[in-house]
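Each chain is listed here by its residues.
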Amino acid sequence: MTHYHIIGIGGAGMSAIAHLLLDQGHRVSGCDQQANHLTRELAARGATICIGHDAAHLRDVEVVAISSALRPDHPELLAARQRDLPVVKRADLWHTWSQHKATLAIAGTHGKTTTTAMCALILSRLGSDPAYIVPAGGPVPGLERYARWGSGPFVIEADEYDRLFLGLVPEVAIVTSVDWDHVDVYPTPAAVAAAFDQFARQTRRALIVCQDDPGAQQAAQRWQAELAEQRIVVYGTQGTQGWQASAIRQEQGWTCFEVVDHESGMHATGRLRMPGLHNVRNALGAALGVRELLGAQELQPMLTALEEFQGAARRFEYKGEAAGVTVIDDYAHNPSKVQAALQAARMRYPQRRLVAYFQPHTFSRTQALIDAFATAFDAADMVLIGAIYPSRERAEDFPGIDAAWLAQRLHHPQVIEAGDNDAAVACLEELLRPGDVLLTLGAGDGYLVGERVLARLARRSSHG
């Protein structure tokens, strides 16, 4: 048993690492600036949680685990270096684990969290006792936790940020999409493509690639021509190659579809509790990835298992209804994700007014992807733009880039600059009317806007 100390243990990615280490029998401690539901859950499992950062926290520690975002002058990191303690990043642990277990890695600029959760659920229902990391930052219905170390295969969301996914050596990989994102890490679309090419070369046996996504389709074509040892399987809702989902329709609250393999002629059927073409793609990709990992012949058992899937935290998550207004939250923070979430909402609620509240995430992403953002909100009836969530960035480094700048550049007839969270809550409370659907979008704390609006509407409705 080793004593691991995790700096930034309150984040989704590092708390997931803590859960796996606890499952493996290690002693775990960690620190963060403040407690949250993730640290409380870990404390309940026996982890020692320290609030604030102090070199004294390293007493009896044998290994220090850090995120790639940790600043080099962090006091606990400096103390670890001075004491010559081993310091590992998430990618180092991922590398070790993926070398010791058959690993299914899910990569992509969007769709990977939901697809990862689907893969973990399928393997659980098929009795494979998987290890998995689904860093949704919240519960995944149908799974014990969002991160767990089981005796079976390892399923992991292969995050491309800071090139983390290059720490993995997966047996099978699913690639949902290859878009230009994380512009602070990848200065050009070509840099993103190069990183995914390296990830593909590190995959041992098979790559399951979504051909509906232009970037992924181009990658599949490159890999089919250049990679001799890996099997390339393509899937999607379009095209005449590989696996195709079609006849997609809504039936009594289910999203139903048919599946055919254009090569073998094999057929299967699927149905999901969640709306959206992107979720049909996610389901097909997940089923194919698990099938490939297990070496199974039939696809139907994998698709049938997904009838139980109810989504992951912050992925088209139903928050509630009050005063006739339905509130949905989604982590969508780049143009493709925003468009997919809005299209799913339109599919689920075709006759209702759709109000989108978007909290942009980072100044660099907002600036770099402005052309795609301009048309990403077309499916909404009304769009509110909140203040940019800075994350790791500073506003002074991006003069002129703010919510007003984004709002002015959207090609939409009804756009409102909503201000900070408090102002957005007040604005939405006045704008929303019975029958509306409010979709909160973004990777920051904008989900709180929807929760607060819901609470206010409920109070107002209870008082008549």
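The structure contained in this document is the topic of the report that follows. In this convention, every chain numbers its residues from 1, walking through the sequence in written order. Totals for whole chains, interfaces and linings use every residue, but because this is a predicted model, local features are given only for residues with pLDDT of at least 70 and side-chain atom pairs only at 80 or more, for both listing and counting. To get the side-chain values, all heavy atoms of the structure are used, and hydrogens and water are removed first.

1. Side note on the overall build of the protein chain
The condition is simple: Per the convention used, a helix needs a DSSP run of H or I reaching at least four residues, while a strand needs a run of E reaching at least two, with both numbered from the N terminus. Classification of residues uses two cut-offs on accessible area relative to the type maximum, computed with a 1.4 Å probe and protein chains only: under 20% is buried, over 50% is exposed, and between them is partly exposed. Throughout, a residue-residue contact means that at least one pair of heavy atoms, one from each residue, lies within 4.5 Å. All accessibility values rest on the Shrake-Rupley procedure with a 1.4 Å probe; residue burial counts only the protein chains present in the view.
Helix and strand counts for the protein chain stand at 15 helices and 21 strands. Seen through its C-alpha atoms, the protein chain measures out along the principal axes to roughly 60 × 60 × 45 Å. The burial tally for the protein chain puts 58% of its 464 residues in the buried class. Counted over contacts in the protein chain with a minimum sequence separation of 6, partners at least 24 positions apart contribute 67%. Carbon and sulfur atoms form 48% of the exposed surface of the protein chain, whose accessible area is close to 18,300 Å².

2. Some remarks on helix α3 (residues 75-82)
Each full turn of the α-helix corresponds to 3.6 residues, which orients residues three or four apart in the same direction. Put simply, the test is: Starting at the helix axis, one direction is taken to each C-beta atom, and the arc is that of these directions.
Taken together, the buried positions of α3 are E76, L77, A79 and A80. For α3, the arc enclosing every buried residue in end-on projection is 160°, short of the 170-degree limit, so these residues lie on one face. Opposite its buried face, α3 presents the exposed residues R81 and Q82, each directed more than 90 degrees away. Along its buried surface, α3 packs onto β1 (3-7), β2 (27-32), β4 (63-66) and β5 (87-89). Of the residues trailing α3, D84 is marked for its positive phi of about 60°.

3. Here we look at the environment of S246
Relative to the helices and strands, S246 resides in strand β13 (residues 243-251). Judged by its relative accessible area of 29%, S246 is partly exposed. Counting along the chain gives 223 residues from S246 to D23, while the straight-line C-alpha distance between them is 41 Å. In contact with S246, other than residues within four places in its own chain, are F257 and E258.

4. As for the pattern of salt bridges
For clarity, the cut-off: Put simply, a salt bridge is a Lys or Arg side-chain nitrogen that is within 4 Å of an Asp or Glu carboxyl oxygen.
Under the criterion given, the structure shown has 25 salt bridges. With a shortest N-O distance of 2.7 Å, E308 and R125 are connected by a salt bridge. Of this pair, E308 sits in the loop between α9 (300-305) and β16 (317-322) while R125 is found in helix α5 (residues 112-125), placing the two residues 183 residues apart along the sequence. Note on E308: relative accessible area 40%, which makes it partly exposed. Ionic pairing is found between E292 and R205, a salt bridge with its closest N-O pair at 3.7 Å.

5. Describing the nonpolar core
The line we're drawing: For the purposes of this section, nonpolar cores are sets of buried Ala, Val, Leu, Ile, Met, Phe, Trp, Tyr and Cys residues that join through side-chain atoms within 4.5 Å.
Grouped together as the largest cluster of nonpolar side chains are 96 residues, with contacts concentrated most on I6, W97, L104, I133, W223 and V259. Top contributing element to this core by residue count: helix α8 (residues 277-294), with 8 residues. If we ignore the near neighbours within four places in the chain, the residues touching I133 are A16, I17, L20, W94, W97, T116, Y146, A147, F154, V155, I156 and E157.

6. Observations concerning the side chain of D32
Our working definition: This count recognises Lys and Arg as positive and Asp and Glu as negative, with His and chain-terminal groups excluded. For this analysis, a polar contact is any N or O atom pair within 3.5 Å, provided that within protein one partner can donate a hydrogen and the other can accept it, and provided that sequence-adjacent residues contribute only side-chain to side-chain pairs.
Along the chain, the position of D32 falls in strand β2. No salt bridge is formed by the buried D32; its nearest oppositely charged neighbour, R71, is found at 9.6 Å. Reaching out from D32, the side chain makes a polar contact with the backbone nitrogen of I9 at a distance of 3.4 Å. Residues contacting D32, with those up to four places away along its chain left out, are G8, I9, G10, G11, C50, I51, G52 and H53.

7. A closer look at the packing of aromatic side chains
For the record, the criterion: Side-chain rings of Phe, Tyr and Trp, where Trp is taken by its six-membered ring, are said to pair if the distance between their centres is within 6.5 Å; with planes under 30 degrees apart they count as stacked, over 60 as edge-to-face, and otherwise as tilted. Consider the ring centre and the ring normal. A charge sits over the ring if Lys NZ or Arg CZ is within 6 Å of that centre and within 35 degrees of that normal.
Tallied over the entire structure, the rule returns 8 aromatic pairs. With centroids separated by 6.2 Å and ring planes inclined at 85°, the aromatic side chains of W97 and F154 adopt a geometry described as edge-to-face. Here W97 is found in helix α4 (residues 90-100), whereas its partner F154 is found in strand β9 (residues 154-157), with 57 residues between them in sequence. The class for W97 is buried, based on a relative accessible area of 7%. Of the residues examined, F154 reaches a relative accessible area of 0% and is grouped as buried. When the ring of W149 is compared with that of F154, the centres are 5.7 Å apart and the planes differ by 55°; the resulting orientation is tilted. Joined through ring pairs, the aromatic side chains of W97, W149 and F154 make up one cluster. Over the ring of W149 we find K101, and its NZ or CZ is 4.9 Å from the ring centre. One cation-aromatic arrangement involves R271 over W254; the distance from NZ or CZ to the ring centre is 4.0 Å.

8. Remarks on unusual backbone geometry
Backbone geometry at D60 places phi at a positive 70°, although glycine is not the residue there. Tracing the sequence through the fold places D60 in the loop between β3 (48-51) and β4. We classify D60 as exposed; its relative accessible area is 55%. Despite not being glycine, A323 has its phi angle at roughly 50°, a positive value. Here A323 lies in the loop between β16 and β17 (325-330).

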